[in-house]
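Okay, here's what each chain looks like letter by letter:
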Amino acid sequence: MGVVLPVVVYRHRVIFKLRIKRWFGKYEDQDTREYDVFVSYCAGSSDDTFVAKTLVPTLEKKLHMDVYVEYRDFELGEAISINVIKAVEKSRRTILVLSPRYLENGWCRFQFLNAQIEMMAKRHKLIPIMLEDISNHKDLDMDLRNMLKMVKYVKWPSDRRKRKEEKFWKHLNLLLPKKKPKIEYRKVSTASDSYLPEAEVI
């Protein structure tokens, strides 16, 4: 119990700091980038299901993010390396879906290095998602290990408990780009045919 309590306090402290930073931070969708996030993952593996069925739909439909993802947005006939460079440059964040498959894939390594270069130039931010534990994997090199020490990551709950999943999405949302709320207008049936604004809560 003496060990668990400090860990819990630390996690709450991190979340609190992220919330404060988000509340007082600037809107990030006023730049020239086309996408909010580029999702980097090991395509053609079991990670496809998580990305295509869970991560991307939630990012787009519930968190209102503009997502760049390989299976849909990479240009056919274009070299993978060029596609990766364009994806990173067009996006405000790169989400790294980390798993043993990711570490073992050379193209995933290339995606990470490009995103890391943008991050070092202060033009980009990384969001690691720990899909599976990789802490003791033989292919976890020094660059990735150091990145995980420097950058806040979120851990996907393998047991899929609802409460844990809700915490995961809340934590992830705090790391995503802050976007200006959109205002939509709905028509009111009156003699003047006026419109009332409806703020979209992000």
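A. Broad picture of the overall build of the protein. In terms of regular secondary structure, the protein is built from eight helices and seven strands. Counting over 202 residues, the protein shows a buried share of 42%. Considering only contacts in the protein between residues 6 or more positions apart, those separated by 24 or more positions represent 70%. Taken as a whole, the protein presents about 12,800 Å² of accessible surface, with 55% of it coming from carbon and sulfur.

B. Seen up close, helix 7 (residues 142-150). Inspection of helix 7 places L144, M147 and L148 among the buried residues, and these make up the whole buried set. Considered in projection along helix 7, the buried side chains sweep an arc of 100° and stay on one side of the axis. What points out from helix 7, more than 90 degrees from its buried face, is the exposed set M142, K149 and M150. Packed against the buried residues of helix 7 are strand 3 (91-98), helix 5 (100-103), helix 6 (106-120) and strand 4 (125-130).

C. View of the pattern of salt bridges. All told, the structure shown has 17 salt bridges when counted by the stated rule. In this structure, D159 and K164 form a salt bridge, with 2.9 Å as the shortest nitrogen-oxygen distance. Exposure remark for D159: the relative accessible area of 37% places this residue in the partly exposed category. Judged by relative accessible area, K164 falls into the partly exposed class, the value being 41%. Overlapping salt bridges, with partners in common, bring together D31, D36, D66, R92 and K179 in one network.

D. Representation of the side chain of R92. Turning to its location among the elements, R92 is positioned in strand 3. Side-chain polar atoms of R92 contact the side chain of D36, separated by 2.6 Å.

E. Fine view of the environment of I85. Tracing the chain through its elements places I85 in helix 4 (residues 80-90). A sequence separation of 26 residues divides I85 from Q111, and the C-alpha atoms of the two residues are 7.8 Å apart. When residues no more than four places from it in sequence are discounted, the contact partners of I85 are F110 and N114.

What counts and how
- Residues numbered from 1 in each chain as written.
- Predicted model: local features only at pLDDT ≥ 70, side-chain atom pairs only at ≥ 80, totals over all residues.
- Heavy atoms only, no water.
- Helix = DSSP H or I, 4+ residues; strand = E, 2+ residues; numbered from the N terminus.
- Buried < 20%, exposed > 50% of the residue type's maximum accessible area, 1.4 Å probe, protein only.
- Contact = heavy atoms within 4.5 Å.
- Areas by Shrake-Rupley, 256 points an atom, 1.4 Å probe, with all protein chains shown as cover.
- Arc of directions from axis to C-beta.
- Salt bridge = Lys/Arg side-chain N within 4 Å of Asp/Glu carboxyl O.
- Polar contact = N/O pair within 3.5 Å; in protein donor to acceptor, adjacent residues only side chain to side chain.

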